[in-house]
Every structure is written in C-alpha cells, then in structure tokens.
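# Secondary and tertiary structure notes
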Amino acid sequence: VSVSACTMVLTMPWCRVAAFVMVSVFALGCGDLATRDIPDGDVIVDDRDVLGFEDVGRGVSATGVDTVLVTLVSSPTVWGAYSERFSPLLPFKPVNFTERNVLVVATPVTETGFSTRVEFLEGRADTLFVRVVQDTPGKTCFTSAIPNTPFHVVSLAKRPFGTIEVEWVEEPMRCSLEER
C-alpha cells in the first residue's frame, strides 16, 4: 500500500488500518532514547541553558568607550559608573541586582548607520555565550563620518560566569527599495 494511494482514498477502512500499522511500526522501532543502553565511555551531557533576557536600554552614543566592550555587571555601584557613560534612546529600565545581572555590549564605529543588539544568550557551565548582531549600513545607505558607539544593555538572571564568548553577526540594512 503506498502512502500516496492512502491519502487519496483515506476514507476506505483498509487504508486507515494500513496507515495505522505503518505509523505504529515506525514508532515502536524508534523507542525511547532514555531506555536504551549507552555503551561504556559514551556520555551524553547537554548542560546548555538558553537564557532569557530583558531589554534595559539601547542607543548609539557613549563616552570613553574606544574599543569593543562586552561585560557582565553584577552590582548597582558598577552599573552606575557604566550607565553614566551611555546615552540611551529612552531612559534605562531599572534592574534588581539581587536577582539579575546586566550585560553591556558596545561597539565603537567610525561612521553613522550602525546598531548593535543582543540576539541570544546561552549558559554552559561557567561560560556565557552571547550572539550579537551588528546592523551595518547597506550599499544604498547614506552615512556620515561621525564616530559613534552603538550599544545594547540587557538584564539576565543572576548566575556566576567565568568567561564570556561572543559570536558576532553582521547584517546589512536595506535603505532603499531598489537594494536587493
């Protein structure tokens, strides 16, 4: 019995039975991975945690940030010193530092038209993995040779991390309908 024949004549009782038997055999053959024996020496560990985060603020202007900045802030005193260096588009949202940390990502550039955004956070053991998207001006975008520092600040649940690893992704922006 072919599957395409069953889909055309699914109203026929014998075809329903054949489809049920095929699905059942497939499901029984797969089984549950948790009940299968794992050979000695093979360890399956998935200690990855996708971490939720909340937006604290974004902008394109900062003072005293001359190199790429990616840092995790765990105290309100340190955050106060950092936050004074940035000019967010809207006021920074408050953060409860007894429950949350703040991740600051800033990328100085030599012209206008860029933005920076945290897209994804993942924790593995004591390492925080961060995916940052740098939106760049497309071919038809007009820019000015004015240095600025696009930044994104997010908060995440408090957790100790020893290192931060960053994946940088560049995405060109479309500035006109003619750009493809």
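Residues numbered from 1 in each chain as written. Predicted model: local features only at pLDDT ≥ 70, side-chain atom pairs only at ≥ 80, totals over all residues. Heavy atoms only, no water.

In this structure, Q134 sits in strand β7 (residues 127–136). At 2.9 Å, the side chain of Q134 and the side chain of T107 are in polar contact. Those residues in contact with Q134, other than ones at most four positions away along the chain, are T107, V109, F114, S115, T116, P150, V169, E170 and E171. (Helix = DSSP H or I, 4+ residues; strand = E, 2+ residues; numbered from the N terminus. Polar contact = N/O pair within 3.5 Å; in protein donor to acceptor, adjacent residues only side chain to side chain. Contact = heavy atoms within 4.5 Å.)

Attention shifts here to the nonpolar core. By size, the foremost hydrophobic cluster in this structure holds 16 residues, and its most contacted members are W79, F86, V102, V104 and V153. Among the elements that line this core, the one with the most residues is strand β5 (residues 100–106), at three residues. Sequence-distant contacts of F86, defined by excluding residues within four places in its chain, comprise S61, A62, V65, L69, F92, V104, A106 and F151. (Core = buried A, V, L, I, M, F, W, Y, C linked by side-chain atoms within 4.5 Å. Buried < 20%, exposed > 50% of the residue type's maximum accessible area, 1.4 Å probe, protein only.)

So, about helix α3 (residues 76–83). Since the α-helix advances by 3.6 residues per turn, residues separated by three or four positions end up pointing in the same direction. W79, Y82 and S83 are the residues of α3 that are buried. For α3, the angular spread of buried residues about the axis comes to 90 degrees, placing them on one side. Those residues of α3 that are buried are in contact with β2 (53–62), β3 (69–73), β4 (86–88), β5 and β8 (151–157). (Arc of directions from axis to C-beta.)

As a further point, take the confidence of the model for the protein. Per-residue pLDDT for the protein has a mean of 80; in total, 72% of the residues score no lower than 70. Taken together, the stretch residues 21–45 has pLDDT below 50 and engages in six contacts with residues farther than four places along the chain or on a different chain. (pLDDT = per-residue confidence, 0-100.)

What follows covers the pattern of salt bridges. What the rule picks out here adds up to seven salt bridges. As a salt-bridge pair, E119 and R131 come within 3.5 Å of each other at their nearest N and O atoms. One end of the pair, E119, is in strand β6 (residues 115–124); the other, R131, is in strand β7, and 12 residues separate them in sequence. Here R131 falls in the partly exposed class, since its relative accessible area comes to 25%. Between R131 and E167 there is a salt bridge; the shortest N-O distance is 3.2 Å. You can see R131 sitting in strand β7 and its partner E167 sitting in strand β9 (residues 163–172), a full 36 residues away along the chain. Since its relative accessible area comes to 42%, E167 is described here as partly exposed. (Salt bridge = Lys/Arg side-chain N within 4 Å of Asp/Glu carboxyl O.)

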